[in-house]
Each structure stands twice: as C-alpha cells, then as structure tokens.
Number of protein chains: 2
Amino acid sequence: MKKQFAVIGLGRFGGSICRTLSDQGAEVLAIDVDEDRVNEFTSIATHAVIADSTDETVLKSLGLRNFDHVIVAIGDNIQASILSTLILKELGVKKVTAKAQNDYHEKVLRKIGADQVIHPERDMGARIAHNITSSSVLDYLELSDKHSILEVVAGRKMDGRSIIDLDVRANYGVNIVAIKQSGHINVSPRADEIVNKGDILIIIGADSDIDRFKKQMLENE
Amino acid sequence: MKKQFAVIGLGRFGGSICRTLSDQGAEVLAIDVDEDRVNEFTSIATHAVIADSTDETVLKSLGLRNFDHVIVAIGDNIQASILSTLILKELGVKKVTAKAQNDYHEKVLRKIGADQVIHPERDMGARIAHNITSSSVLDYLELSDKHSILEVVAGRKMDGRSIIDLDVRANYGVNIVAIKQSGHINVSPRADEIVNKGDILIIIGADSDIDRFKKQMLENE
Ligand SMILES: Nc1ncnc2c1ncn2[C@@H]1O[C@H](COP(=O)(O)OP(=O)(O)OP(=O)(O)O)[C@@H](O)[C@H]1O
Ligand SMILES: Nc1ncnc2c1ncn2[C@@H]1O[C@H](COP(=O)(O)OP(=O)(O)OP(=O)(O)O)[C@@H](O)[C@H]1O
Ligand SMILES: [Ca+2]
Ligand SMILES: [Ca+2]
Ligand SMILES: [Ca+2]
Ligand SMILES: [Ca+2]
C-alpha cells in the first residue's frame, strides 16, 4: 500500500514539502487553518482541507492516526506547533517531522515525541555560507563530520591537464567522481579525460584533504 | 587580502550565515536594526552594528562599497529587502545575495541587480520531501536537472554481495563512489568490497537510472 503523508501548515516550507511530495506521486493530505492557503493546494495535493491541527477531534475525524508520516510545518505559532505534534503522537502516528523556530522549541518537540526536527532557515543559512566562502565551491553534501562531496569549479591551475596527470587521488587523497563540461555530465570520467578551466568537478574525500586540494589547486586565482 | 563579507538581517537565516562564515574564519560585518539581535553577534562576527540598511548614508559610512559580498537576509519586510539590495548594487558591491519570500520578490531582486536569490524555506522543504519519500535515501545533491548523488541505505537484496557481483554500473548505469560502514567511510571502495545490510552507499548517476536502481534494489523491503 502507498504511504500516506499529511502536511500541516502550508507556508513556504510546508507548501514546498507538499508540492515536492505530490510531484513525486505521493499521497498527500494538505491541512491549514487559512482558507486561501488551502485553496492553493486543492489541485496539487490528493486532498486539501481547512482545519485547526490543535483540535484533537478534528485530527481524529480526518483519520490522521492512520497516516504513516505527518509533517508539522507551523512556524510562528510555537504553541500550535507543539500541541499539534503532541496530539499526533498521542493518536499513534508513526512518524512526525516538525519545524522548529529555535533550540528551545526543538527540545520541547523532541520531549513530546517528534521523530525528526528541522530548522529550515538555519540549515539553509549554513549551506549558503559554506557555498559562498569559496567562490570555487558550488555545492556540497556532508557525508560525515569529516568527509564531504563537493561540486567545484576547475581553475587556471587545472586547465588543459588530464585526470591522470593531475593525479589528485595520490596528491591529495581526493577522488574526482564526475565532470560537468558544457552542460554534459560524465559520471565515469576516464584517466585521460582533459579538465578545462570552468569545468565543474564532483570530488569526494576527507575534509582535511579537500581543504588542501582547494587551497593548492583552486583558490587565489 | 581576506574577502570582506557583510550580513544584513540577523534572524535565523542571516544569523546562521553569519555564524557559519565566522566559524570558517571569514571577516564578517553583522548588521541589524534590532539592538538585541546585534548584541547576540558582537562576540561572533568581526564587527556587529545597529543600522537600518535602507538608509544609504549609513551604508556608505559603514564602507559597504568596499565589501566583496553582502548577504541581505531580511525576510518579512520585502520593501526593506528590495531597497537595501538596490542601494548596495548602486554603491558598487560586487556580489549581493538576497533572500526572497516569493517569486514576485525574486523577480524584483533580480531586476535591480541581485546576483544570487535564495528561498531558504522552499529549498529546504524540497530537500526534506526528497529525503522522506524514500526511507532508504538519507541525503542527496542535485548535480543537474537529470543527475544526482544520493546517500542510500543498503537493504536485504544487497546484503553480503560484493560490488563486482552487484555490478550496479553495468546493470543500472549507477556508480558507487563511497561506502559508509559502522562509522568509517571508504571513498575508494574496491570491486571485491562486500556490502552489508545497513551500510550507507554514496551513488552517482542519471536520475532515471537511480530511480530504477532504487525501485529494484532498495524499495519494498
Ligand atoms: N493550528 C494550526 N492548524 C493548521 N495550520 C496552522 C495552524 N497554525 C498555523 N497554521 C498555518 O501554518 C502555516 C505556516 O505558519 P507560519 O507562521 O510559519 O507562516 P509562514 O512564515 O508563512 O511559513 P513559512 O516560514 O513556511 O513560509 C500558515 O499557513 C498557517 O496558516
Ligand atoms: N531595514 C533593515 N535594516 C537592517 N535589518 C533589518 C531591516 N529590516 C529588517 N531587519 C532585520 O532582518 C532580520 C530578519 O528579518 P525577518 O523579518 O525575516 O525576521 P525573521 O523571520 O526572524 O528571520 P528568519 O526567517 O531568518 O528567522 C530581523 O532581525 C530584522 O530586525
Ligand atoms: Ca516563517
Ligand atoms: Ca548527510
Ligand atoms: Ca522569517
Ligand atoms: Ca547543485
């Protein structure tokens, strides 16, 4: 059987979750107290209803106890976020993801049983900051405290050299897992592949090795 | 010379950018109209000042024209966000990143010269939704419209098999670029490496190939 999702709160965060889940073909019940916001989602979600999620009777009548995963995307009204999460967990919803405004909010959400707590603004701020300190780093994925995958722009020092000639694995302990050249992505680059200035390289390695690689091969161009 | 950053608006988004930039050793000027918010950042940023960024004279006297990159992290007050961005570009700031509340806001920001426009809540919503539709996908990095890197959990069907035996490259066009096993990350997995249920695999490929791989090797466990 298909998993049943519900999103409570259709602001930018909850709305985006609702849209993306629906785009992926998921069954989504969209809920908000605000009629206008609900109307925006009638043609996007499987069902869209006007309801106050702090009202236990309403959540019961909507059958929320049978949902696999409910996302509480209420922000400013911290009390409503907490009360909704509490009711959902008491109804027996298996997984509840809740948006937190601050550390205190997160602590309370976890205490009352939220399974996942998200800080969208804070987390996106950290991502952006990582991307902008180095103009050569376009994006990244943290694999662990000490390992990452980075999307970097090849500069002057790499221009016209082959992967085997650069030998970043031996020199820095970093692997080039893909190369993006003029819109095309090569996910199995060969050793004799030539890197050109402006190409985008996807590299993987320990953060310390990647830092050395960035300092010596990418920065101060 | 070290790059000079300024962050205007010290809410959760701007505050997180300010903290992360400072953690990375960058020079950061933190600006907000709200005294309490500025006080929070006096010990974090290089400088923290109370100022209204819609006041051109103030921005001039703070020497903002000489900054390399200014982030406008004002949200709710769309008019202040737009006016601040306009003044910064007129002063000659090379790079201005601005937070947008909606598509209309983004359009105006771009028209007046913003170099980068961010929708933190929307983008984080999309990331979260991608992570929750498939319980086997922990995280992802979009490389293009059609290619991604995914962090997935190996399931029953992969348990005890070697990378060469699974041959996901030939069978699905997908590459395994790293394996996380009991906290350790191997960024150059060998062909005879054994995959165990619960191991985390970092895979790269075309989205359509990755979808096939997920459906056949990971889902419905
Ligand atoms: N008790 C409630 N039941 C259902 N929906 C609610 C409840 N309280 C608030 N909401 C809805 O949650 C949504 C998100 O609330 P929030 O205060 O975070 O607004 P927002 O700032 O527009 O959201 P975002 O930051 O995601 O853009 C709003 O659409 C609001 O109507
Ligand atoms: N003209 C201005 N000059 C300087 N700072 C401003 C100006 N207008 C607003 N700010 C500051 O921008 C910050 C972010 O504003 P916003 O309205 O987005 O608040 P927020 O919702 O708390 O932010 P976030 O969504 O990042 O948590 C606030 O701290 C506010 O004081
Ligand atoms: Ca909000
Ligand atoms: Ca991760
Ligand atoms: Ca806000
Ligand atoms: Ca990207």
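Right above here is the structure, for reference.
Residues numbered from 1 in each chain as written. Chains lettered and ligands numbered in written order. Predicted model: local features only at pLDDT ≥ 70, side-chain atom pairs only at ≥ 80, totals over all residues. Heavy atoms only, no water.

Attention now moves to helix H5 (residues 103-111) of chain B. Because each turn of an α-helix spans 3.6 residues, side chains separated by three or four positions end up pointing in the same direction. Residue and element names in this part refer to chain B. Among the residues making up H5, those that are buried are His 105, Glu 106 and Leu 109. The buried side chains of H5 occupy one side of the element, clustering within an arc of 100 degrees when seen end-on. Away from its buried face by more than 90 degrees, H5 exposes Asp 103, Tyr 104, Lys 107 and Lys 111. Where H5 is buried, its residues meet helix H4 (78-91), strand S5 (95-99) and strand S6 (116-118). Where H5 begins, one side-chain oxygen reaches toward the backbone nitrogen of Tyr 104, 3.2 Å away; that side chain belongs to Asn 102. (Buried < 20%, exposed > 50% of the residue type's maximum accessible area, 1.4 Å probe, protein only. Helix = DSSP H or I, 4+ residues; strand = E, 2+ residues; numbered from the N terminus. Arc of directions from axis to C-beta. Contact = heavy atoms within 4.5 Å. Polar contact = N/O pair within 3.5 Å; in protein donor to acceptor, adjacent residues only side chain to side chain.)

With 49 residues of chain A in contact, the opposing surface of chain B contributes 49 residues. Of the roughly 4300 Å² buried between chain A and chain B on both sides combined, carbon and sulfur atoms contribute 68%. The largest per-residue losses of area from chain A upon contact with chain B belong to A:Arg12, A:Glu121 and A:Ile132, which jointly make up 16% of the total buried on that side. Run the count over chain A and chain B and you get two salt bridges. (Buried area = accessible area lost by both parts, 1.4 Å probe. Salt bridge = Lys/Arg side-chain N within 4 Å of Asp/Glu carboxyl O.)

Let's shift gears to the nonpolar core. A:Leu21 and B:Leu21 are the most contacted members of the largest nonpolar core, which has 40 residues in total. In contact with A:Leu21, not counting residues within four places along its chain, are A:Phe5, A:Val7, A:Ala26, A:Val28, A:Ile71, B:Ala129, B:Ile132 and B:Thr133. (Core = buried A, V, L, I, M, F, W, Y, C linked by side-chain atoms within 4.5 Å.)

Glancing now at the pairing of strand S2 (residues 27-32) of chain A. Residues and elements named next belong to chain A. Buried residues dominate S2, accounting for five of its six residues. Alignment of strand S1 (residues 4-8) against S2, held across five bridges, turns out to be parallel. Within the sheet, the bridge partner assigned to Ile 8 lies in S2 and is Ile 31. In terms of handedness, the path from S1 via helix H1 (residues 12-23) over to S2 forms a crossover that is right-handed. Pairing of S2 with strand S3 (residues 47-50) involves four bridges; the strand directions are parallel. Looking at the pairing, Asp 32 lines up with Ile 50 of S3. As a crossover connection, the stretch from S2 through helix H2 (residues 35-41) into S3 is right-handed. (Pairing = 2+ DSSP bridges. Right-handed = clockwise from strand over helix to strand, strands pointing away.)

Taking strand neighbours across the sheet as the criterion, the six strands line up as S3-S2-S1-S4-S5-S6 (chain A) in an open arrangement whose pairing is parallel. The open sheet has two free edges, formed respectively by S3 and strand S6 (116-118) of chain A, since each of these has just one partner strand. With strand direction ignored, the average angle separating the axes of adjacent strands in the sheet is 15 degrees. The strands touched by H1(A) are S1, S2, strand S4 (69-72), strand S5 (95-99) and S6 of chain A; relative to S1(A), the strand with the most contacts, the crossing angle is about 160 degrees. Packing against the sheet, helix H6 (residues 120-133) of chain B makes contact with S1, S4 and S6 of chain A, and its axis sits at approximately 160 degrees to S6(A). (Axes fitted to C-alpha atoms, helices over the stretch in contact; angles between N-to-C directions.)

The local shell around ligand 2 holds 21 residues, among which B:Arg12, B:Phe13, B:Asp32, B:Arg37 and B:Gly75 are the closest. Site remark: ligand 2 is flanked by residues from chains A and B. In this structure, a nitrogen atom belonging to ligand 2 sits 3.3 Å away from a main-chain N or O atom of B:Val33. Contact between ligand 2 and B:Arg37: an oxygen atom at 2.8 Å from a side-chain N or O atom of the residue. About the coverage of ligand 2: the protein hides 85% of its 630 Å² of free accessible area. Of the residues in the shell around ligand 2, the class split is eight nonpolar, five polar and eight charged. (Near = heavy atom within 4 Å. Areas by Shrake-Rupley, 256 points an atom, 1.4 Å probe, with all protein chains shown as cover. Nonpolar A, V, L, I, M, F, W, Y, C, P; charged D, E, K, R; others polar.)

This brings us to the site of ligand 1. Residue and element names in this part refer to chain A. Close contacts around ligand 1 come from 21 residues, with Arg 12, Phe 13, Asp 32, Arg 37 and Asp 52 the closest. Here a nitrogen atom of ligand 1 sits 3.3 Å away from a polar atom, N or O, in the main chain of Val 33. Gly 75 is positioned with one of its backbone polar atoms (N or O) 2.9 Å from an oxygen atom of ligand 1. For ligand 1, whose unbound accessible area comes to 630 Å², protein coverage reaches 85%. Split into classes, the residues belonging to the shell around ligand 1 amount to eight nonpolar, five polar and eight charged.

Turning to the sheet that holds strand S13 (residues 200-206) of chain A, a few remarks are in order. Sheet strands associate in pairs through backbone hydrogen bonding, adopting either a parallel or an antiparallel arrangement. Residue and element names in this part refer to chain A. Read across the open sheet, the five strands follow the order S7-S8-S13-S10-S11; overall the sheet is antiparallel. Of all strands in the sheet, those bounded by a partner on one side alone are strand S7 (137-142) and strand S11 (184-186). Across the sheet, the axes of successive neighbouring strands diverge by a mean angle of 20 degrees, strand direction being ignored. For strand S10 (residues 175-181) and S13, the ladder comprises five bridges, and the chain directions are antiparallel. Bridge pairing in S13 places Ile 176 opposite Ile 203. Each of S7, strand S8 (147-153) and S13 is contacted by helix H9 (residues 207-218), which is oriented at about 140 degrees to S13, the strand it contacts most.

Honestly, that's just the spatial picture; any functional story needs more than this.
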